[in-house]
Amino acid sequence: MEKEHVHPGGLIRFKRFLIKAWRILRYAKPYRRMVLLLFIITGLLSILSLAGPYLIKILLDDILPYKNAGLLLQLMSIFILIFVVKTLVGIWHSYQTTQLVENMILTVKTELFQHLQDLDLGFYHSKSVGDILYRIDEDVYSIDSFIDLIIDVVLLNVLTAIFILIITFNMNWKVTLMSLGFFPFYIIAQKYFGEKIR
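Rules used throughout
- Residues take numbers from 1 onward in each chain, read along the sequence in its written order.
- Thresholds applied to this predicted model are a pLDDT of at least 70 for local features of residues and 80 or more for the giving and counting of side-chain atom pairs; totals over whole chains, interfaces and linings are not thresholded and use all residues.
- Calculated side-chain values reflect all of the structure's heavy atoms, with hydrogen atoms and water omitted.
- Each axis is a line fitted through C-alpha atoms, taken for helices only over the stretch in contact, and angles between the N-to-C directions span 0 to 180 degrees.
- Secondary structure counts use DSSP, requiring at least four H or I residues in a row for a helix and at least two E residues in a row for a strand, with both numbered from the N terminus.
- Working definition: roughly parallel below 35 degrees, roughly antiparallel above 145 degrees, roughly perpendicular at 65 to 115 degrees, and oblique for all remaining angles.
- Note on definitions: a residue-residue contact is assigned when non-hydrogen atoms from the two residues lie within 4.5 Å.
- Three categories are distinguished: nonpolar for Ala, Val, Leu, Ile, Met, Phe, Trp, Tyr, Cys and Pro, charged for Asp, Glu, Lys and Arg, and polar for the others, with Gly belonging to the last.
- The span you would expect from a helix comes to 1.5 Å times its residue count less one.
- Residue burial is assigned from relative accessible area. The probe radius is 1.4 Å, only protein chains are included, and a residue is buried under 20% of its type maximum, exposed over 50%, and partly exposed in between.
- Using a grid of 1 Å spacing that covers the protein atoms alone, one calls a set of points a cavity when a 1.4 Å probe fits there but cannot get out, and a pocket when the set is open and has protein on both sides within 12 Å along at least five of seven lines; lining residues are those with an atom within 4 Å of a point.
- Grid points are joined across faces, edges and corners, and a volume is the space filled by probe spheres set on the points.

> What is the right way to read the packing of helix α3 (residues 69–118) against helix α5 (residues 129–137) from this model?
The packing of two helices is summarised by the inter-axis angle and the distance between the axes. Closest axis-to-axis distance for the α3/α5 pair is 10 Å, and the angle between their directions is 155°. Here α3 lies roughly antiparallel to α5, going by the angle between them. Residues Lys109, Leu112 and Leu116 of α3 lie in contact with α5, whose contacting residues are Ile132, Ile136 and Asp137. Residues of the contact of α3 with α5, tallied by class, amount to four nonpolar, no polar and two charged.

> I tried to follow helix α6 (residues 142–181) on my own but got confused; where do I start?
Every α-helical turn comprises 3.6 residues, leaving residues that sit three or four positions apart pointing alike. Helix length check: α6 (40 residues) gives 39 Å between terminal C-alpha atoms against 58 Å at 1.5 Å per residue, more than 12% under. Among the residues making up α6, those that are buried are Ile143, Phe146, Ile147, Ile150, Ile151, Leu159, Thr160 and Thr176.

> Help me understand the layout of surface pockets, please; the structure alone is not making it clear to me.
One simple way to see leftover space: roll a probe sized like a water molecule over the atoms. Each pocket or cavity is described by its volume, and for the largest pocket that value is around 550 Å³. Taken together, 22 residues line the largest pocket, and the ones lying closest to its centre are Arg23, Val108, Leu112, Asp139 and Val140. Where the lining of the largest pocket is concerned, the elements lending two or more residues are α1 (9–25), α3, α5 and α6. Counting residues per element, the lining of the largest pocket draws most heavily on α3, at five residues. Grouping the constituent residues of the lining of the largest pocket by class yields twelve nonpolar, two polar and eight charged.

That's the geometry; what it means functionally is another story.
Have a look at this one:
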């Protein structure tokens, strides 16, 4: 009988993730330009990551069958250029992410310190000074890993999926629709076997 009142764990975790994301991302509002720039850089990284498979397609379809050495040299040059550009963009991405996170952490710490100043003295008698300092200095830095999760995992994967769909629809929209038709079965299978494994 208890199982009927239990909500799916995945849905609950997703709701908690959205609530936490909203609470943290509101501190990014003063840095809208930085967020926009980071969004553009992440999109650029996503596009560069998709260039490799497309170049391999050219290698297999147009170079190897016809033994085109000239085109092979051009393709190798493009590979090297993309690698260099992707590396530089990745460094820029890391720098912008760190800058955004540090600004947000500074805002949170400032707000937290102002809140501590407004508390009654009785609070400091009931709480350990070490615990308070730990929460101000260490717990706030959990924002760092959470922002990395949002940018490097969620945003990058979403943008990559969007660009893949755009490319595949332009190449062959019928095959793309057929492929997407199997996606719900993949989700169901993952959920079913995931619960069995747990």
